[in-house]
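Each chain is listed here by its residues.
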Amino acid sequence: MTETGSIPYETRGRYHRTELHAIPTGSNQENKAQRVVKELLNLAGYRNVAVKMFGRNNVESIIKAFFVTFQNFETHQQQADRLGRYAVRFDPETYFMPTVLAKPRDDTKPVPFSAEIHESSQRIK
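Let me begin by describing the structure that accompanies this report.

**Topic: the layout of surface pockets**
(1) Moving on: Considering only enclosed or pocket space, the largest pocket measures out at about 500 Å³ in volume.
(2) Moving on: As for the largest pocket, its lining consists of 17 residues, and the residues nearest its centre are Thr-2, Ile-7, Pro-8, Pro-24 and Arg-89.
(3) Moving on: Of all the elements, strand S4 (residues 87-91) adds the most residues to the lining of the largest pocket, at 3 residues.

**Side note on the pairing of strand S2 (residues 18-24)**
(1) Moving on: Of all 7 residues making up S2, 5 are buried, and the element is well covered by its neighbours.
(2) Moving on: As judged from the 5 bridges shared by strand S1 (residues 11-15) and S2, these two strands associate in the antiparallel manner. Residue pairing for S2: Tyr-15 is matched across the bridge by Thr-18.
(3) Moving on: Linking S1 back to S2 in an antiparallel pair, the connection comprises 2 residues, with His-16 at a positive phi of about 50°.

**Thoughts on the pattern of salt bridges**
(1) Moving on: In total, this model carries 5 salt bridges according to the counting rule given.
(2) Moving on: In this structure, Glu-19 and Arg-14 form a salt bridge, with 3.2 Å as the shortest nitrogen-oxygen distance.
(3) Moving on: In this structure Glu-19 comes out as buried when scored by relative accessible area, which is 18%.
(4) Moving on: Assessed through its relative accessible area of 53%, Arg-14 is described here as exposed.
(5) Moving on: For the salt bridge of Arg-105 with Asp-81, the shortest nitrogen-to-oxygen distance reads 2.5 Å. On the criterion of sequence distance, the pair formed by Arg-105 in the loop between strand S5 (97-102) and helix H4 (114-123) and Asp-81 in helix H3 (residues 76-83) is long-range, its members being 24 residues apart.
(6) Moving on: Of the residues examined, Asp-81 reaches a relative accessible area of 17% and is grouped as buried.

**Things to note about the packing of helix H1 (residues 35-44) against helix H2 (residues 59-70)**
(1) Moving on: H2 packs onto H1 with a crossing angle of 45° between their chain directions and a minimal axis gap of 10 Å. Taken together, the axis directions place H1 and H2 in an arrangement best described as oblique. In this structure, the crossing between H1 and H2 has a hand that is right-handed. Residues Val-36, Val-37, Leu-40 and Leu-41 of H1 touch H2, and the partners they reach there are Val-59, Ile-62, Ile-63, Phe-66 and Phe-70.
(2) Moving on: Of the residues belonging to the contact of H1 with H2, the class tally is 9 nonpolar, no polar and no charged.

**Examining the packing of aromatic side chains**
(1) Moving on: All told, the structure shown has 3 aromatic pairs when counted by the stated rule.
(2) Moving on: For the pair Phe-66 and Phe-67, a centre-to-centre distance of 5.6 Å together with 80° between the ring planes defines the contact as edge-to-face.
(3) Moving on: For Phe-66, a relative accessible area of 4% translates into the label buried.
(4) Moving on: Phe-67 sits in the partly exposed class, given a relative accessible area of 48%.
(5) Moving on: Clustering of aromatic rings is evident, with ring pairs tying together Tyr-46, Phe-66, Phe-67 and Phe-70.
(6) Moving on: The cationic tip of Lys-52 hangs over the ring face of Phe-54; the distance from NZ or CZ to the ring centre is 5.8 Å.

Calculation notes
Per chain, residue numbering runs from 1 following the sequence as it is written. For a predicted model such as this one, the threshold for reporting local features is a pLDDT of at least 70, and the threshold for listing and counting side-chain atom pairs is 80 or more; totals across whole chains, interfaces and linings nevertheless cover every residue. Only hydrogens and water are set aside; all other atoms, that is, all heavy atoms of the structure, feed into the side-chain values. Points on a 1 Å grid over protein atoms alone make up a cavity when a 1.4 Å probe fits among them but cannot get out, and a pocket when they form an open set with protein on both sides within 12 Å along at least five of seven lines; lining residues each have an atom within 4 Å of a point. Grid points are joined across faces, edges and corners, and a volume is the space filled by probe spheres set on the points. Only DSSP runs of H or I covering at least 4 residues are called helices, and only runs of E covering at least 2 are called strands; the numbering of each starts at the N terminus. Whether a residue is buried, partly exposed or exposed follows from its accessible area with a 1.4 Å probe, protein chains only, as a fraction of its type maximum: under 20%, in between, or over 50%, in that order. Only strands that DSSP links by at least two bridges are regarded as paired with each other. Here a salt bridge means any side-chain nitrogen of Lys or Arg lying within 4 Å of a carboxyl oxygen belonging to Asp or Glu. The axes are straight lines fitted to the C-alpha atoms, using for helices just the contacting stretch, and the angles between their N-to-C directions are given from 0 to 180°. Under this scheme an angle from 65 to 115 degrees is roughly perpendicular, one under 35 degrees roughly parallel, and one over 145 degrees roughly antiparallel; angles in between are oblique. When the near helix sits turned anticlockwise from the far one by under a right angle, the crossing is termed left-handed; a clockwise turn instead gives a right-handed crossing. We call two residues contacting when some pair of their heavy atoms lies within 4.5 Å. In this count, Pro and Cys sit with the nonpolar residues alongside Ala, Val, Leu, Ile, Met, Phe, Trp and Tyr, while Asp, Glu, Lys and Arg are called charged and the others, Gly among them, polar. Stacked, tilted and edge-to-face pairs are distinguished by plane angle, under 30 degrees for stacked and over 60 for edge-to-face with tilted covering the rest, among Phe, Tyr and Trp rings (Trp via its six-membered ring) whose centres lie within 6.5 Å. Here, a charge over a ring is recorded when the distance from Lys NZ or Arg CZ to the ring centre is within 6 Å and its angle to the ring normal is within 35 degrees.

So, in structure tokens, the structure goes:
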């Protein structure tokens, strides 16, 4: 949870045929979601979150999909270490200038992008 009570980044989670897409919204907005998800967000203390639901809408599946979606958050440092790349935010208020949120530790190797993997397989010939 961020300082404003929102989520740090967009995420999605799935439980069987119920899928939730959680998106942080602007400040001072209430939670926008289906009624069960909205109550869960309010109980958990989240604000400024929009959640779009796809698939089945029975209450048990919605609650389980909610927990799957919201337990997968990691800090910016954990993301940088896992991917081996800088965690950067492009803020529209600063004309999309990059702001470094976290640097990877020295012992992590970057995860190659799919284009990098494709190029390396082409060179082996």
